[in-house]
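Here are the chains, one letter per residue:
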Amino acid sequence: MPNELMETNKQDVAAQGSAAEQTRPHKLYTPFTDIYESKEQLVLLADMPGVKQDGVDITLEQNILTIYGHAEQPELPGYNLTYAEYGVGSYKRVFALSNEIDREGIQASVKNGVLKLVLPKSKRALPRKIVVQAE
Amino acid sequence: MLIQRLADNDLFGSLRDMHRLQNSLNRLLSTSVPIEAPAEFPLINVWTSENGVIVRAEIPGIAPDDVDISLVNDTLTIRGFRNPEELQEGESRHRQERGFGQFSRSLQLPFGVEADHVQAKFSNGVLQITLPRSEAERPRRISVVSES
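Residues numbered from 1 in each chain as written. Chains lettered and ligands numbered in written order. Predicted model: local features only at pLDDT ≥ 70, side-chain atom pairs only at ≥ 80, totals over all residues.

**Here's the deal with the overall build of chain A**
Helix and strand counts for chain A come out as zero helices and ten strands. Tracing chain A from N to C terminus, the helices and strands come up as β-β-β-β-β-β-β-β-β-β. The proportion of buried residues among the 135 residues of chain A is 24%. Looking at chain A alone, contacts between residues at least 24 apart form 53% of all its contacts between residues at least 6 apart. (Helix = DSSP H or I, 4+ residues; strand = E, 2+ residues; numbered from the N terminus. Buried ≥ 20, exposed ≤ 12 C-beta atoms within 10 Å, placed from the backbone. Contact = placed C-beta atoms within 7 Å.)

**Focus: the confidence of the model for chain B**
Residues and elements named next belong to chain B. Across chain B, the average pLDDT comes to 79, with 75% of residues at 70 or higher. Low pLDDT, under 50, characterises residues 1–9; the predicted model gives this stretch ten contacts beyond four residues in sequence or across chains. Scored below 50 in pLDDT, residues 31–38 makes 13 contacts in the model with residues more than four places away or belonging to other chains. Here the complex is predicted with pTM 0.69, and the ipTM for its interfaces comes to 0.71. (pLDDT = per-residue confidence, 0-100.)

**Observations concerning the pairing of strand 3 (residues 67–72) of chain B**
Residues and elements named next belong to chain B. Pairing of strand 3 with strand 4 (residues 75–82) involves six bridges; the strand directions are antiparallel. Residue pairing across strands places Ser70 opposite Thr77, the latter belonging to strand 4. Linking strand 3 back to strand 4 in an antiparallel pair, the connection comprises two residues, with Asn73 at a positive phi of about 55°. (Pairing = 2+ DSSP bridges.)

**Observations regarding the confidence of the model for chain A**
Detailed reading of the predicted coordinates is not advisable wherever pLDDT falls low. Chain-level statistics for chain A give a pLDDT mean of 79 and a share of 77% at 70 or above. Low pLDDT, under 50, characterises residues 1–18 of chain A; the stretch is placed with 28 contacts to residues that sit more than four places away or in other chains.

**What about the interface of chain A and chain B?**
At the junction of the two partners, chain A supplies 29 residues and chain B supplies 32 residues. Grouping the constituent residues of the side of chain A that touches chain B by class yields 15 nonpolar, eight polar and six charged. Note: strand 3 (residues 33–37) of chain A against strand 5 (residues 92–95) of chain B, three bridges, orientation antiparallel. Bridge assignment links Tyr36 of chain A to a residue of strand 5 of chain B, and that residue is Arg93 of chain B. (Nonpolar A, V, L, I, M, F, W, Y, C, P; charged D, E, K, R; others polar.)

**Quick word on the sheet that holds strand 4 (residues 41–47) of chain A**
Read across the sheet, five strands follow the order 9(A)-10(A)-4(A)-3(A)-5(B) without closing on themselves; strand pairing throughout is antiparallel. What marks the edges here is a single partner per strand, and that holds for strand 9 (107–111) of chain A together with strand 5 of chain B. Within the sheet, the average angular offset between the axes of one strand and its neighbour, ignoring direction, is 20°. Pairing geometry for strand 4 of chain A and strand 10 (residues 114–120) of chain A, over seven bridges, is antiparallel. Residue Leu42 of chain A lies in a different strand from strand 10 of chain A, and its bridge partner there is Leu119 of chain A. (Axes fitted to C-alpha atoms, helices over the stretch in contact; angles between N-to-C directions.)

**Side note on the sheet that holds strand 8 (residues 126–132) of chain B**
Strand order in the open sheet made by the five strands is 7(A)-1(B)-2(B)-8(B)-7(B), with antiparallel pairing throughout. Here the strands that pair on one side only, and so sit at the sheet edges, are strand 7 (80–84) of chain A together with strand 7 (119–123) of chain B. When the angles between neighbouring strand axes are averaged without regard to direction, this sheet yields 20°.

This is how it looks when you write it as structure tokens:
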């Protein structure tokens, strides 16, 4: 069951003491994420508008899962931004996974700006019946 | 409802007016169906030039067909429905942060636009609507003739 190491409720992740800063000045956002669980797997859906398939970077180190998405915004020459409700930047979120996840089977896909991660649970050892032999 | 004619060159004034009219239009046009999504969804950015307006909205997780864009005079309305994930038997939700449900945003444009030449593109969850300014409203140069 993934827990979060760093939890922020704000959309904006300003420079926090524990967070690593980026080398380039760039806005970093925490994507809204849905997580749900079925018997065989955990599914994670993160809103990352403007992010293409090759803009996604997912790393798993020991138990720490980091999802990172780089959003592209095409330039609009000749136009001025007169009203803005959102900024364009990168998305990053960190989760701690439990040992129940089968790391080799993790699948990621991006569609319409949503990152979908499927984390299959590892097959637990089936209960074995132990036969007692007579001596 | 108050409809104001916005001055051509007063982009900052039209920005304030856009805020005000957008809010009153949102209130006026909101349907009786309760909207489950957060009040401000989708988030929009507006780019303007003398020749037109470009509106960008972040709407991840929907198909281009699920968005309804309509233009009435100089009011642009973006509405649609974001489907929640269907859960199977035995599935449970751990975290639900993404909004879902019906959404609708209305925007008063700073000038009239050519309805026939409006284009909309949807890519990677970002909707971009390009609205060229209508010919009738383009600023006209008036030459001064000196009388001596």
